[in-house]
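Spelled out from the first residue to the last, the chains are:
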Amino acid sequence: MGILTHEGFELTPRADEAEILVVNTCSFIESAQKESVDTILEMAEHKKFGAAKKLIVAGCLVERFRDEILEKIPEVDAVVGTGEVERILEAAQGDLRVLPAAPPAFLYHELTPRIVTTPRHAAYIKIAEGCDHPCTFCIIPQLRGKFRSRRFESVVREAENLAAAGAREITLIGQDTTSYGEDLGLRDGLALLLEKLAQVEDLLWVRFLYAYPNRVTQKLLDTLAAHPRLAKYIDMPLQHASRNVLARMKRGSHGDAFLKLLERMRATIPGVSLRTSFIVGFPGETEADFAELCGFVRAAKLDWMGVFEYSDVDNAGSHALEDKVDPEIINDRRNRLMAIQKKISRKNLTAWKGRTAIGLVEGPSKDNPLVWEARLEGMAPEIDGKLYLTDIELPSGETAQTGDVARVEILKTDAYDLIGRVAELLPRREPRANLASVPTPRVAPPTEKLTRIATGAPLRVLA
Ligand code: SF4
């Protein structure tokens, strides 16, 4: 979006008024592929009956089915894979239809034009791309290429720019954030990066997602503990707890080692919130393996947990494994595991009742028009529970605004969410710059040119 805007294209979230439709696809699991294909077909209708003159398919689906997309959906004018993001301009302006498949190597930097699609107060920064781990259920290394880190200074510069433009929270992402810097010759690269970002004054919280268990070093934990701006929060997908299943996943380790690591995290970082995710129904997962996982979840008492049902993807290593688990059993295991966690979460959250804490105000709730939402330090955007605010007005008449930092009083607790009210508003920080990553168009495009692009994400609401 940044590249296109930079060249004078105008963005619209409305597919019916766009002259160029861009569907940015996902290909991680079967349901994501289906959603991507459904959206492409739906957008193809706009090309037949609406204003659209061009349909471009971008993203991971292209890395897997480049030729098939063009062959089976003739309405598609061009495909742009994850390694060719910069070619989007050629696809939009010219005749680019298909590029020869090459290992994905694209990685943006602080000067790459970027449109930040999240609210101004909470931005994501990708610090690395690709992955070198061999997890048998995962095709991300095939789709995203080998692990490569962004330059240290590039990430710091982007964080400073975002903070100057009003971001109060930065979330660092990448398929394998805990390996950050290894390819640059840095030791404990993520810890060093976090240490540096913890000095950016306008930020309230810096967090990172997706720690790989055996890459979590004591230095990383000590760094999180030492800096107030670093969110006391660790998301570490464990995938399973049984030695047998983890070996078949090619992830090694086992539940007892994970429990020790969690204990070390809690001892080093008092009050840390811990999140993980598991896959149930992996080929060869016996009832005994699943029971081991249930035992682990009961013992770990994590703050947040996600459970994914195993889904067979034809070019993943696990596709060839025998002893596939019946989909009904998989679904039942997911429900059983979530039921265990629900009780743990409900109990964990009761400790919050009557307490006050610092929250980042997110604005009116999408779930319920009568309340607002906020998040605490231990709640990452979009994935964890929320703090619903029933009252955002202070006795002085002042009301909270989106992006405010507030002291909130927790009044009630539920299984996954908290309910509270704003007790005090902390001083606001006015943005000192426009989003540096959103350049203004250099030249107004001639009116006869295709100038309006509909982007994939907002279009999904139409599906
Ligand atoms: S570490 Fe994550 S991205 Fe890398 S192969 Fe394993 S599951 Fe996939």
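Going by the structure above, here's the rest.
Considering the sheet that holds strand S15 (residues 387–391)
The strand order around the closed barrel built from five strands is S13-S14-S15-S17-S16, with neighbouring strands paired in mixed fashion. Sheet twist, expressed as the average angle between the axes of neighbouring strands with direction ignored, equals 55°. Where strand S13 (residues 356–364) lies against strand S14 (residues 372–376), five bridges are found, and the strand directions are antiparallel. Its bridge partner lying in S14, Leu360 is registered against Arg375.

Some thoughts on the site of the ligand
By nearness alone, every residue bordering the ligand is listed as Cys131, His133, Cys135, Phe137, Cys138, Ile140, Pro141, Gln175, Tyr212 and Arg251. For the shell around the ligand, a count of residues per class yields seven nonpolar, two polar and one charged.

Section: the nonpolar core
If you look at the biggest cluster of nonpolar residues, it comprises 73 residues, and the most contacted ones within it are Leu172, Ile234 and Leu337. Contacts of Leu337, omitting those with residues within four sequence positions, involve Phe278, Val280, Phe290, Leu293, Cys294, Val297, Met305 and Val307.

A few points about the packing of helix H8 (residues 218–226) against helix H10 (residues 255–268)
One way to put it is that H8 packs onto H10 with a least axis distance of 9 Å and a crossing angle of 35°. When the axes of H8 and H10 are compared, the crossing they make is right-handed. Here H8 contributes Gln218, Leu221, Asp222 and Ala225 to the contact with H10, which in turn contributes Arg264, Met265 and Thr268. Per-class residue counts for the contact of H8 with H10 are three nonpolar, two polar and two charged.

Describing unusual backbone geometry
Notably, Tyr210 is not glycine yet its phi reads approximately 65°, a positive angle. Assignment of secondary structure puts Tyr210 in the loop between strand S9 (205–208) and H8. Residue Tyr210 is classed as partly exposed on the basis of its relative accessible area of 34%. With a phi angle near 75°, Gln239 is a residue other than glycine that sits in the positive phi range. In this structure Gln239 comes out as buried when scored by relative accessible area, which is 11%.

Some thoughts on the sheet that holds strand S10 (residues 233–235)
Strands sit in the order S10-S11-S12 across an open sheet of three strands; the sheet is parallel. Both edges of this open sheet fall to S10 and strand S12 (304–309), since each of them pairs with a single strand only. Put simply, the sheet's adjacent strands are angled 10° from each other on average, direction ignored. Taken together, the three bridges between S10 and strand S11 (residues 273–280) define a ladder with parallel strand orientation. Residue pairing across strands places Ile234 opposite Leu274, the latter belonging to S11.

Brief notes about the packing of aromatic side chains
Using the criterion set out here, one finds four aromatic pairs in the structure. Considering the side-chain rings of Phe137 and Phe282, the 6.4 Å spacing of their centres and the 85° angle between planes classify their relative orientation as edge-to-face. Residue Phe137 is located in the loop between strand S6 (128–129) and helix H5 (140–144), and its partner Phe282 is located in the loop between S11 and helix H11 (287–300); the two are separated by 145 residues in the primary sequence. Arranged with centres 6.3 Å apart and planes meeting at 75°, the rings of Phe258 and Phe296 form a pair that is edge-to-face. One end of the pair, Phe258, is in helix H10; the other, Phe296, is in helix H11, with 38 residues separating them in the sequence. The two residues Phe258 and Phe296 agree in class, both being buried. Each member of the aromatic cluster is reached from another via a ring pair, and the members are Phe137, Phe282 and Tyr310. It is Arg150 that lies over the ring of Tyr108; its NZ or CZ is 4.2 Å from the centre. Here Arg207 stacks its cationic end above the ring of Tyr233, 4.9 Å away from the centre of that ring.

Observations concerning the pattern of salt bridges
Taken as a whole and judged by the stated rule, the model has 35 salt bridges. In this structure, Arg14 engages Asp16 in a salt bridge whose closest nitrogen and oxygen atoms are separated by 2.6 Å. When the shortest N-O distance is used, the salt bridge between Arg336 and Glu287 registers 2.6 Å. In this pair, Arg336 is assigned in helix H12 (residues 327–350) and Glu287 in helix H11, connecting sequence segments 49 residues apart. Here the salt bridges share partners, and the residues they tie into one network are Glu285, Glu287, Asp332, Arg333 and Arg336.

Quick word on the side chain of Arg66
With respect to the helices and strands, the residue Arg66 is situated in helix H3 (residues 60–72). Relative accessible area serves as the criterion here: at 6%, Arg66 is assigned to the buried category.

Let's talk about the environment of Glu287
Overall, Glu287 belongs to the partly exposed group, its relative accessible area being 39%. Along the primary structure Glu287 and Ile329 are separated by 42 residues, whereas in three dimensions their C-alpha atoms are 9.8 Å apart. Discounting chain neighbours no more than four positions away, the residues touching Glu287 are Arg333 and Arg336. Among the polar contacts made by the side chain of Glu287, one reaches the side chain of Arg336 at a distance of 2.6 Å.

About the criteria used
- Residues numbered from 1 in each chain as written.
- Predicted model: local features only at pLDDT ≥ 70, side-chain atom pairs only at ≥ 80, totals over all residues.
- Heavy atoms only, no water.
- Pairing = 2+ DSSP bridges.
- Helix = DSSP H or I, 4+ residues; strand = E, 2+ residues; numbered from the N terminus.
- Axes fitted to C-alpha atoms, helices over the stretch in contact; angles between N-to-C directions.
- Near = heavy atom within 4 Å.
- Nonpolar A, V, L, I, M, F, W, Y, C, P; charged D, E, K, R; others polar.
- Core = buried A, V, L, I, M, F, W, Y, C linked by side-chain atoms within 4.5 Å.
- Buried < 20%, exposed > 50% of the residue type's maximum accessible area, 1.4 Å probe, protein only.
- Contact = heavy atoms within 4.5 Å.
- Left-handed = near helix turned anticlockwise from the far one by under 90°.
- Phe/Tyr/Trp six-rings, centres within 6.5 Å; stacked < 30°, edge-to-face > 60°.
- Lys NZ or Arg CZ within 6 Å of the ring centre and 35° of its normal.
- Salt bridge = Lys/Arg side-chain N within 4 Å of Asp/Glu carboxyl O.
- Polar contact = N/O pair within 3.5 Å; in protein donor to acceptor, adjacent residues only side chain to side chain.

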